[in-house]
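If you want the building blocks of each chain, they are given just below.
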Amino acid sequence: MTVRPDIQARLDALDEMLAHWLAHTRHPAQFWPQFELLAAEILDECADAERSQVRARINAMLKGHALELPPWHERDEGMPPGKADQ
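Here's what I pulled together on the structure shown here. (Residues numbered from 1 in each chain as written. Predicted model: local features only at pLDDT ≥ 70, side-chain atom pairs only at ≥ 80, totals over all residues. Heavy atoms only, no water.)

Contact pair helix 1 (residues 5-24) / helix 3 (residues 48-64): the axes reach a minimum separation of 10 Å and the direction vectors enclose 15 degrees. On the basis of the axis angle, helix 1 is roughly parallel to helix 3. Judged by the twist between their axes, the crossing of helix 1 over helix 3 is right-handed. Contact residues: helix 1 offers Ile7, Gln8, Leu11, Asp12, Leu14, Asp15 and Leu18, while helix 3 offers Glu50, Val54, Arg57, Ile58, Met61 and Leu62. For the contact of helix 1 with helix 3, a count of residues per class yields eight nonpolar, one polar and four charged. (Axes fitted to C-alpha atoms, helices over the stretch in contact; angles between N-to-C directions. Helix = DSSP H or I, 4+ residues; strand = E, 2+ residues; numbered from the N terminus. Parallel < 35°, antiparallel > 145°, perpendicular 65-115°, else oblique. Left-handed = near helix turned anticlockwise from the far one by under 90°. Contact = heavy atoms within 4.5 Å. Nonpolar A, V, L, I, M, F, W, Y, C, P; charged D, E, K, R; others polar.)

With that out of the way, let us pick up the packing of aromatic side chains. A complete count under the given rule lists five aromatic pairs for this structure. Both rings, one in Phe31 and one in Trp32, keep their centres 4.8 Å apart while their planes meet at 70 degrees; by these two values the pair is edge-to-face. For the residue pair Phe31 and Trp32, the accessibility class agrees, reading buried in each case. Here the aromatic cluster, defined as three or more aromatic residues joined through ring pairs, consists of Trp21, Phe31, Trp32 and Phe35. (Phe/Tyr/Trp six-rings, centres within 6.5 Å; stacked < 30°, edge-to-face > 60°. Buried < 20%, exposed > 50% of the residue type's maximum accessible area, 1.4 Å probe, protein only.)

Right under this line is the structure:
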């Protein structure tokens, strides 16, 4: 399955911004929160059938820049912490 054109355009824009961000951030800690937020917004707009393909594309773009999403930044699709207890 292919992703919708609007999702593809957002992924392309995110990929184009990577080199710029990496060149201008002083420390990786400045990069990850912004990247994760934008990636999360894209994932939130995906249909269930698109989500695995979009995640693969995000991981591929990071690998293209010799990066890997830290495990503590990976999104959990389950309930937010504390919500299951309520």
